[in-house]
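Letter by letter, the chains look like this.
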Amino acid sequence: MSALRELYQEVILDHNKSPRNFRKLESANRKIEGYNPLCGDHYTVYLRLEGDVIRDISFEGAGCAISKASASVMSSIVKGKTKQEAEELFTVFHNLVTGVNDADGELDKLGKLAAFSGVSEFPARVKCASLAWHSLHAALSSNDNVVTTE
Amino acid sequence: MQGETYEESAVKQASVVMNAPGGRTTSTSYDVGRIRKDFPILAAPVNGKPLIYLDNAATSQKPRVVIEEMNRYYFEENSNIHRGVHFLSDKATQSYEAARVKIQRWINASSPKEIIFTRGTTESVNLVAYSFGRKNINRGDEIVISAMEHHSNIVPWQILCEERGAALRIIPMNDRGELLIDEYAKLLSSRVKFVAIMHVSNALGTVNPIKTMISMAHEHQIPVLVDGAQAVPHLRIDVTDMDADFYAFSAHKMYGPTGVGILYGRRALLEAMPPYQGGGDMIKSVTFEKTIYNDLPNKFEAGTPNIAGGVGFGAAIDYLDHIDFASFSAYERELLDYATEALAGVKGLAIIGTAKHKAGVISFVLEGIHPHDIGTILDDDGIAIRTGHHCAQPVMQRFGIPATARASFGLYNTKEEVDTLVRAIHKAIGVFR
């Protein structure tokens, strides 16, 4: 049960039950669909970009607890950040969930993202955790409007 | 040749008491404990727990006799089949062709020439769509499939329709997951040139009234392909009795190896069809001016096939042949009823697919918990189920859900395993409370 507890931490269960920024963003100037064709997880991420700054962010859609909580935590954490700061967080997060790098040096940057540390023990769930982040990355770096995990 | 191995096997012990005095007709003495001993993988723990394998609709486990027969082939007979004049090539050819005959008899086809080895059900369907389809489907024609099809019995027909300017028509289903036969009858117009339907639904467990549906199409002279991938592990298949024109299935869902499957085709149809792939083994003679194609079944078997897979498939058929299917069917029915009742008793759980006639497949959703999270939590207890859309996205759309969790039964599953499954589902509910 311990690996399971590590996966389904309180923060994740909370964000799954009451996702933050879970709505359509009327003032959005970027919108992207994130889709995992293997399992059907499907989200739309809305961004209000002002210059280099993510002024507002929201998401809609359906998927498992890991993907929904990840989108929710991401939305609260990158709001007000610059593009570059958001991309750096994605790298740190990606390292965390793939177990590439759990060096203490990065832990202080994680904040709430640390709740996803258990994902690395479940390779099949890495895509769930990173779907929203891939969508954000695509929204920030291109004008394509659909991103998949494949 | 393989006799000794399964003389030792316990499966012969299975028997059934039909119409037992004073009892119900389903009183069985199917010895699941003996069957379980035939499957080595069941003895290996998963996450420190005994494996409870409920993902049989994805692929079944393999009995020792199949694994050993494939090993034996590689140890003692490995060589390329057909055309070889040496000892090993002759042995390998005999084993491979013997498997073809076993499969022919198992499904009661009239000739081994009607048994085409493929990579699996998907390739079998594609073969028919490509070869029969391109020759016979034209602009304005219609192909009828059903609302519950697996992607492998949708996409090949979509590709064909797009290429030939034909249209796909869909037999709808009701909320229980049963095809609407009256609607099917209405679809069978003179424009329809082909019908492709699954025998048993992988996502819902529904057993379709295939014999009736074939005869309805035949009244309009429309040929029918049956996707039998999910039917072969649960039902005794008789292609002659059901009068199928094509019947596609895979070895790996019926206790054989992956990478090998069958297309059964009515001889006259197969003979009139052009080859699917060109290459070695499918020719009689080749010059740069003209190639004469080989006879059936070789015409459709270009290149070196999966020989060990074919031989292993033969061993799987031998294994099944020693199981009393009536006894197993009664046992499976009891297990399905038991599991259906146990799962239906879980608060917030809804079973998707409640057809009157079902095989041992239960798809379900839990209020407030995504199937993937259920799957991960069950896995922690050594329980293997499948979660997702089961390659049947239109079925998910029909029921307005993104995915389901699915438990599917095989020869070796037990009521005790169902009890553990139900306990683990309660644990998942606890995590998300």
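Conventions used here
- Residues numbered from 1 in each chain as written.
- Chains lettered and ligands numbered in written order.
- Predicted model: local features only at pLDDT ≥ 70, side-chain atom pairs only at ≥ 80, totals over all residues.
- Helix = DSSP H or I, 4+ residues; strand = E, 2+ residues; numbered from the N terminus.
- Rg over C-alpha atoms; globule rule 2.2 N^0.38 Å.
- Buried ≥ 20, exposed ≤ 12 C-beta atoms within 10 Å, placed from the backbone.
- Contact = placed C-beta atoms within 7 Å.
- Pairing = 2+ DSSP bridges.
- Axes fitted to C-alpha atoms, helices over the stretch in contact; angles between N-to-C directions.
- Parallel < 35°, antiparallel > 145°, perpendicular 65-115°, else oblique.
- Left-handed = near helix turned anticlockwise from the far one by under 90°.
- Nonpolar A, V, L, I, M, F, W, Y, C, P; charged D, E, K, R; others polar.
- Domains from an automatic or database assignment.
- pLDDT = per-residue confidence, 0-100.

Visitor: Would you take a moment to explain the overall build of chain B for this structure?
Guide: For chain B, the count of helices and strands is 15 helices and 17 strands. For chain B, whose C-alpha radius of gyration is 22 Å, the value lies close to the compact-globule estimate of 22 Å for 433 residues. Its C-alpha atoms give chain B principal-axis dimensions of roughly 75 × 55 × 45 Å. Relative to its 433 residues, chain B shows a buried fraction of 49%. Relative to all contacts within chain B whose residues are 6 or more apart in sequence, the contacts with residues 24 or more apart total 70%.

Visitor: I would appreciate a short explanation of the sheet that holds strand S13 (residues 349–352) of chain B in the present structure.
Guide: In a beta sheet, neighbouring strands are held together by backbone hydrogen bonds and run either parallel or antiparallel to one another. Residue and element names in this part refer to chain B. The strand order S13-S14-S17-S16 describes an open sheet built from four strands, whose pairing is antiparallel. Whereas interior strands pair on both sides, the edge strands pair on one side only; in this sheet they are S13 and strand S16 (386–388). Across this sheet, the average inter-strand angle for adjacent strands is 30 degrees, counted without regard to direction. Sheet analysis places strand S14 (residues 361–366) next to strand S17 (residues 404–408), joined by four bridges and oriented antiparallel. Considered in S17, the bridge of Ser363 is made with Arg406. The strands touched by helix H13 (residues 371–379) are S14, S16 and S17; relative to S16, the strand with the most contacts, the crossing angle is about 160 degrees.

Visitor: Explain the packing of helix H4 (residues 83–98) of chain A against helix H6 (residues 126–141) of chain A to me, please; I cannot follow it from the model alone.
Guide: If you want to describe how two helices pack, look at the angle between their axes and the distance between the axes. Residue and element names in this part refer to chain A. H6 packs onto H4 with a crossing angle of 160 degrees between their chain directions and a minimal axis gap of 10 Å. In terms of orientation, H4 lies roughly antiparallel with respect to H6. Pair H4 / H6 crosses with left-handed handedness. In this structure, H4 uses Lys83, Ala86, Glu87, Phe90, Phe93, His94, Val97 and Thr98 to contact H6, whose residues at the interface are Val126, Ala129, Ser130, Trp133, Leu136, His137 and Leu140.

Visitor: For this particular structure, what's the right way to read the interface of chain A and chain B?
Guide: A common way to express how large an interface is: the accessible area buried when the components associate. Each partner contributes residues to the interface: chain A has 15 residues there, and chain B has 13 residues. Of the residues that constitute the side of chain A that touches chain B, the class distribution is twelve nonpolar, two polar and one charged.

Visitor: Would you take a moment to explain the domain arrangement of chain B for this structure?
Guide: All names here are of chain B. Assigned domains of chain B: these are domain 1 (7–37 + 324–431) and domain 2 (68–321). Each of domain 1 and domain 2 has a C-alpha centre, and the two are 28 Å apart. Between domain 1 and domain 2, the contact holds 21 residues from the first and 21 residues from the second. Looking at the side of domain 1 that touches domain 2 residue by residue, the class counts come to eleven nonpolar, seven polar and three charged.

Visitor: Whenever I open this one, the confidence of the model for chain A confuses me. Can you help?
Guide: A low pLDDT means the predicted coordinates there should not be read in detail. Looking at chain A as a whole, its pLDDT mean stands at 89, while 89% of the residues score no less than 70. Across chain A, the element-wise mean pLDDT spans from 62 in strand S4 (residues 146–148) of chain A up to 97 in helix H3 (residues 65–78) of chain A.

Visitor: How do you make sense of the sheet that holds strand S6 (residues 167–171) of chain B when you look at a structure like this?
Guide: Residues and elements named next belong to chain B. Across the sheet, which stays open at both edges, the seven strands sit in the order S4-S10-S9-S8-S7-S5-S6 with mixed pairing between neighbours. Both outer strands of the open sheet, strand S4 (115–118) and S6, are each paired with one neighbouring strand and no more. In this sheet, neighbouring strand axes are inclined to one another by 20 degrees on average, regardless of whether the strands run parallel or antiparallel. Pairing between S4 and strand S10 (residues 261–265): four bridges, direction antiparallel. Bridging from a neighbouring strand, Ile116 pairs with Leu263 of S10.

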